[in-house]
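A closer look at the structure
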Amino acid sequence: MNTPLTIFTPAYNRAYILRELYRSLCAQTSSAFEWLIVDDGSTDGTQALAEEFIAEGAIAIRYIRQENGGKHTAINRGVGEARGELFFIVDSDDRLAPDAVETLLREWSSIRDDASFAGLSGVRVDFGGARIGGAFPFERIDCTALEIRMKYRIRGDLSEAFRTDVLKRYPFPVYPDERFCPEALVWNRIALRHKMRYTNHPIYRCEYRPDGLTAQIIRLRCRSPKASLLYYGELYRMPIPTLQRIKAAINFWRFAPYCTQRTLREKIAAIGLSATLWLPAGYAYGWLDRRRLQNPKS
């Protein structure tokens, strides 16, 4: 590794918006980063646009193309190719504040030599400057990814940059017939061994678009049930509050009917017998999901 930071962007048919991110990277107050784009099988001219950016020579850019496999497979590829000590995922329809790189590297310098830290994070704001997910009542706090959600009840997406060598030890599981895996599956696994430095710096600017993953999350989980059950099954067993364990169990059974390759006994083994108490509630939520997906305007 020969650069402090890899800014990683998985791209799939986002040529119409990718230039906005590029401009925000060119406007950074620090150039100590590479921009690594993994094109997940786009058919819209993303490659030509990336080649145009590279030819301009304004920032260090590498472009890699792969067959469509989903964002999690693009992250796996990016982690394997990254030259940065830190790996910072920035989605193709988002932007960075002008001082984002400078802020990350300044904060990182104070914890870099402490192996108990997997990385650090700033906060996300919308394009009007409002914090995504509400208040973040800390200037700085060191805790795990589980604690920031479950203990301190911070909501909304954050803007995490992880040690690349840590991410290499925690690849996303890949199921050939599925195109989605929750990022929190890996972040939670890391949280069992490492903490993060969370700061109140607004470094990441975003909005949730109709064609983004957030808008399609229920459909995506239904279409990728093995990854969904793995995520909720592991979450149920983690050291989290009782209410959150109940929610994990309900969501496990909510998506369980879509995993037709596994028997009920195998599903119970994946989460534990105690979680069957919440099977009726999960199946009820699943029934409502199917109705909404079949009649999206009802």
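Here's what I pulled together on the structure shown here.

Thresholds applied
- Residues numbered from 1 in each chain as written.
- Predicted model: local features only at pLDDT ≥ 70, side-chain atom pairs only at ≥ 80, totals over all residues.
- Heavy atoms only, no water.
- Core = buried A, V, L, I, M, F, W, Y, C linked by side-chain atoms within 4.5 Å.
- Buried < 20%, exposed > 50% of the residue type's maximum accessible area, 1.4 Å probe, protein only.
- Helix = DSSP H or I, 4+ residues; strand = E, 2+ residues; numbered from the N terminus.
- Contact = heavy atoms within 4.5 Å.
- Phe/Tyr/Trp six-rings, centres within 6.5 Å; stacked < 30°, edge-to-face > 60°.
- Polar contact = N/O pair within 3.5 Å; in protein donor to acceptor, adjacent residues only side chain to side chain.
- Axes fitted to C-alpha atoms, helices over the stretch in contact; angles between N-to-C directions.
- Parallel < 35°, antiparallel > 145°, perpendicular 65-115°, else oblique.
- Left-handed = near helix turned anticlockwise from the far one by under 90°.
- Nonpolar A, V, L, I, M, F, W, Y, C, P; charged D, E, K, R; others polar.
- Salt bridge = Lys/Arg side-chain N within 4 Å of Asp/Glu carboxyl O.
- Patch = residues over 30% accessible without salt bridge, like charges linked within 9 Å, V, L, I, M, F, W, Y side chains within 5 Å.
- Areas by Shrake-Rupley, 256 points an atom, 1.4 Å probe, with all protein chains shown as cover.

Turning our attention to the nonpolar core. With 54 residues, the main nonpolar core has Phe8, Phe87, Phe136, Ile148, Trp187, Ile190 and Tyr198 as its most contacted residues. With six residues, helix 9 (residues 225–237) is the largest single contributor of residues to this core. For Ile148, the residues in contact, after removing those within four places along its chain, are Phe136, Ile141, Cys143, Arg153, Ile154, Leu158 and Tyr198. In this structure, Leu5, Phe88, Trp108 and Leu120 belong to the second largest nonpolar core, which totals 34 residues.

What follows covers the packing of aromatic side chains. The tally for this structure, following the rule as stated, stands at 13 aromatic pairs. Centroid distance Phe88 to Tyr204: 6.2 Å. Interplanar angle 75°. Geometry classified as edge-to-face. Here Phe88, found in strand 4 (residues 84–89), pairs with Tyr204, found in strand 9 (residues 195–205); they are 116 residues apart in sequence, far enough to count as distant. Just as Phe88 is buried, Tyr204 falls in that class too. Summarising the aromatic geometry, the rings of Trp253 and Tyr283 are spaced 6.5 Å apart at their centres and angled 70° between planes, so their arrangement reads as edge-to-face. Of the two residues, Trp253 sits in helix 10 (residues 242–255) while Tyr283 sits in helix 12 (residues 279–294), which places them 30 residues apart along the sequence. Each residue in the set Tyr22, Trp35 and Phe53 is aromatic and connected to the rest through ring pairs, giving one cluster.

Further remarks concern unusual backbone geometry. If you check the backbone angles, Asn13 has positive phi at about 55° while not being a glycine. Topologically, Asn13 is positioned in the loop between strand 1 (3–11) and helix 1 (15–26). Judged by its relative accessible area of 23%, Asn13 is partly exposed.

This part takes up the side chain of Lys71. Along the chain, the position of Lys71 falls in helix 3 (residues 71–81). Side-chain polar atoms of Lys71 contact the side chain of Asp91, separated by 3.0 Å. In terms of polar contacts, Lys71 uses its side chain to reach the side chain of Glu183, at 2.6 Å.

A few words now on the packing of helix 1 against helix 2 (residues 46–56). At a minimum axis distance of 9 Å, the contact between helix 1 and helix 2 shows a crossing angle of 25°. Overall, the two elements helix 1 and helix 2 adopt an arrangement that is roughly parallel. Two packed elements cross with a definite hand, and for helix 1 against helix 2 that hand is right-handed. Each of Ala15, Leu18, Arg19 and Tyr22 in helix 1 lies in contact with helix 2, whose residues at this interface are Thr46, Leu49, Glu52, Phe53 and Glu56. Here the residues of the contact of helix 1 with helix 2 sort into five nonpolar, one polar and three charged.

Here we take up the pattern of salt bridges. With the rule as written, the count across this model stands at 18 salt bridges. The shortest N-O distance in the salt bridge between Glu107 and Arg140 comes to 2.8 Å. Note that Glu107 is positioned in helix 4 (residues 100–109) and Arg140 in strand 7 (residues 140–143), a separation of 33 residues in sequence. What emerges from the salt-bridge pattern is a single network uniting Glu107, Arg140, Asp142 and Arg197.

In this section: the packing of helix 7 (residues 183–191) against helix 9. The interhelical angle for the contact between helix 7 and helix 9, taken along N-to-C directions, is 30°, at an axis separation of 9 Å. The orientation of helix 7 relative to helix 9 falls into the category roughly parallel. When the axes of helix 7 and helix 9 are compared, the crossing they make is left-handed. Residue-level contacts link Ala184, Leu185, Asn188 and Arg189 of helix 7 to Leu230, Tyr231, Glu234 and Leu235 of helix 9.

A cluster of nonpolar side chains, contributed by Tyr285, Trp287 and Leu288, occupies part of the molecular surface with about 310 Å² of accessible area. By the element assignment, Tyr285 lies in helix 12. Take Tyr285: its relative accessible area is 42%, and that puts it in the partly exposed class.

The values reported here are purely geometric and, on their own, carry no functional implication.
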